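As a plain string of letters, each chain reads:
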Amino acid sequence: MDFHPKDLPIAKIYDLKDVKDASDAVDDMVKIGFNNQKEGFKVLMPKESKIAKRIGYTVTTGVTHGLRQKNEIRDIKYWTYHHDKDHYAIVLISNKILTELGF
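Residues numbered from 1 in each chain as written. Predicted model: local features only at pLDDT ≥ 70, side-chain atom pairs only at ≥ 80, totals over all residues. Heavy atoms only, no water.

A look at the sheet that holds strand S1 (residues 10-15)
In step 1: One open sheet holds the four strands; their spatial order is S1-S2-S4-S3, and the pairing between them is mixed. Sheet topology places S1 and strand S3 (76-82) at the edges, where each strand pairs with a single neighbour. Pairs of neighbouring strands in the sheet enclose a mean axial angle of 20°, with direction left out of account.
In step 2: Relative to strand S4 (residues 87-94), strand S2 (residues 40-46) runs antiparallel, the two being bridged by six bridges. Residue pairing across strands places Val43 opposite Ile90, the latter belonging to S4.
In step 3: Across the face of the sheet, helix H1 (residues 19-32) comes into contact with S1, S2 and S4 while running at roughly 165° to S1.
In step 4: Sitting on the sheet, helix H2 (residues 49-69) touches S2, S3 and S4, and the angle it makes with S2 is about 155°. (Pairing = 2+ DSSP bridges. Helix = DSSP H or I, 4+ residues; strand = E, 2+ residues; numbered from the N terminus. Axes fitted to C-alpha atoms, helices over the stretch in contact; angles between N-to-C directions. Contact = heavy atoms within 4.5 Å.)

Comments concerning the nonpolar core
In step 1: With 19 residues, the main nonpolar core has Leu16, Met29, Phe34, Val43, Val59 and Leu92 as its most contacted residues.
In step 2: Mapped by element, the contributors of at least two residues to this core are H1, S2, H2 and S4.
In step 3: Listed in part, the ten residues of the second largest apolar core include Phe3, Ala89, Val91 and Ile97. (Core = buried A, V, L, I, M, F, W, Y, C linked by side-chain atoms within 4.5 Å. Buried < 20%, exposed > 50% of the residue type's maximum accessible area, 1.4 Å probe, protein only.)

Concerning the packing of H1 against H2
In step 1: In the contact formed by H1 and H2, the axes pass within 9 Å of each other and the chain directions differ by 30°. Accordingly, the angle class assigned to the pair H1 and H2 is roughly parallel. The two elements H1 and H2 cross, and the hand of that crossing is right-handed. The segment H1 lies against H2, with Val19, Ala22, Ser23, Val26, Met29 and Val30 engaging Arg54, Ile55, Thr58, Val59, Gly62, Val63, Gly66 and Leu67. (Parallel < 35°, antiparallel > 145°, perpendicular 65-115°, else oblique. Left-handed = near helix turned anticlockwise from the far one by under 90°.)

Okay, here's the thing in structure tokens:
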């Protein structure tokens, strides 16, 4: 990988505290869509392992499921990384946009 996910252009950042916040963020991401913009989305979550795993699973599977229900392309790339001492982050972006950006 020649870049770090934090270097990708971000349309919106979600700072999530629990699974309920994750569900709301997924609904918003699916509503906004991935194919009609040139940026991705960033999800910040606490570094508590159990909560982070639940939030990460909810976000990644929720986005795929939501896009399938809208009959949109589900070719989404995502990376999970240590954002700072208090947060993990997930960056999600359309593979088509990623290619257009030269990554």
